[in-house]
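# Structure at a glance
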Amino acid sequence: MKLVAVTSCPTGIAHSQMAAENLLQAGERLGHDIDVEVQGAMGTQDELASDAIAEADAVIITSDTSVSRDRFDGKLVLKGTVKDGVNNAEAVVKKAVELAEAGKTGSVTFGSGDDGEDADAGTDESSGDADTAESDEPVRRGGDPEKGLFARLKKLFS
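The sections below set out a description of the structure shown in this document. Every value quoted in this text rests on a predicted model; they were computed, and no experiment measured them.

Below, the discussion takes up the pattern of salt bridges. Tallying each qualifying case throughout the model produces 5 salt bridges. Among the charged side chains, a network of salt bridges with common partners joins K2, D33 and D35.

Here we take up the sheet that holds strand 5 (residues 76-80). Here 6 strands make up an open sheet; going across it, the order is 3-2-1-4-5-6 and the pairing mixed. Bordering the open sheet on either side are strand 3 (43-45) and strand 6 (106-109), each of which pairs with just one other strand. Taken pair by pair, the neighbouring strands of this sheet meet at an average axis angle of 20 degrees, ignoring direction. Its contacts with the sheet put helix 1 (residues 15-29) on strand 1 (2-8), strand 2 (33-40), strand 3 and strand 4 (58-63), and the angle it makes with strand 2 is roughly 180 degrees. Contacts from helix 4 (residues 89-101) reach strand 1, strand 4, strand 5 and strand 6, with the element oriented near 155 degrees to strand 5.

Turning next to the side chain of K75. Structurally, the position occupied by K75 is in the loop between strand 4 and strand 5. At a separation of 2.8 Å, a polar atom in the side chain of K75 contacts the main-chain carbonyl oxygen of A54. Polar contacts involving the side chain of K75 include one to the main-chain carbonyl oxygen of A56, which spans 2.7 Å. Apart from the residues lying within four places of it in its own chain, the contact partners of K75 are I53, A54, E55, A56, V59 and G106.

Strand residues, when the strand is regular, have side chains that alternate between the two faces of the sheet. Pairing analysis gives 7 bridges linking strand 1 to strand 2, with the strands arranged parallel. The partner of A5 across the bridge, within strand 2, is V36.

Further remarks concern the nonpolar core. L3, L23, A58, I60, L76, L78 and V93 are the most contacted members of the largest nonpolar core, which totals 21 residues. Put simply, the parts of the chain that give this core at least two residues each are strand 1, helix 1, strand 2, strand 4, strand 5 and helix 4. Looking at this core, the element that brings in the most residues is helix 4, giving 7 residues. Other than its neighbours up to four places away in sequence, V93 contacts L3, L23, A26, G27, L30, H32 and I60. Judged by nonpolar contacts, the second largest core, of 11 residues, contains V4, A56, I61 and V67.

Turning our eyes to something else, we now look at a nonpolar patch on the surface. Taken together, the side chains of L153, L156 and F157 present a nonpolar region at the surface, about 360 Å² in accessible area. The topology assignment puts L153 in helix 6 (residues 149-157).

So, on to the pairing of strand 4. In terms of residue burial, strand 4 counts as a mostly covered element, since 6 of its 6 residues are buried. The two faces of strand 4 match: A58, I60 and T62 on one face and V59, I61 and S63 on the other face are all buried. Relative to strand 4, strand 1 runs parallel, the two being bridged by 6 bridges. Within the sheet, the bridge partner assigned to A5 lies in strand 4 and is I60.

Moving on, we come to helix 4. Owing to its 3.6 residues per turn, the α-helix brings residues three or four apart onto one side. Between its first and last C-alpha atoms helix 4 spans 18 Å; for 13 residues at 1.5 Å apiece the expected length is 18 Å, and the two agree. On the buried face of helix 4, the contacting elements are strand 1, helix 1, strand 4, strand 5, helix 3 (82-87) and strand 6. Phi turns positive one or two residues past the end of helix 4, at G103, with a value near 80 degrees.

Thresholds, definitions, all that
Residues numbered from 1 in each chain as written. Predicted model: local features only at pLDDT ≥ 70, side-chain atom pairs only at ≥ 80, totals over all residues. Heavy atoms only, no water. Salt bridge = Lys/Arg side-chain N within 4 Å of Asp/Glu carboxyl O. Pairing = 2+ DSSP bridges. Helix = DSSP H or I, 4+ residues; strand = E, 2+ residues; numbered from the N terminus. Axes fitted to C-alpha atoms, helices over the stretch in contact; angles between N-to-C directions. Contact = heavy atoms within 4.5 Å. Polar contact = N/O pair within 3.5 Å; in protein donor to acceptor, adjacent residues only side chain to side chain. Core = buried A, V, L, I, M, F, W, Y, C linked by side-chain atoms within 4.5 Å. Buried < 20%, exposed > 50% of the residue type's maximum accessible area, 1.4 Å probe, protein only. Patch = residues over 30% accessible without salt bridge, like charges linked within 9 Å, V, L, I, M, F, W, Y side chains within 5 Å. Areas by Shrake-Rupley, 256 points an atom, 1.4 Å probe, with all protein chains shown as cover. Expected span 1.5 Å × (residues − 1).

Dropping the structure here:
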């Protein structure tokens, strides 16, 4: 299967490259042809050719910044975070292949990138996170609040 991907993070120094490398390795390990574009502080690396996009069965976007989707009109677009590309690249590729083989089109959100953009997708609402969506526990993000920037500033100026 032919896949294309775009990775991007606000700084664009390390995480987007790690996600790109992991997506490439996972795609090749699973026997798929994958091209990955990296967008970051230094501009765009390995920009996707229009031919590659036209031939692609699915588009994977692992990004913590906005990525223009104009060039992916009519394609299945899976959207997640850079963290998904770094930590779960194989699952991301498998999800893209599964949805493409099912003939799905539109935009689908997966993994930790739950930004609600799958409203126009040709898929059902669940993107593999049904267990976490039903949990009554609040989602905690970040580390220890006692070690955070505001706590340190408060301590410094007290």
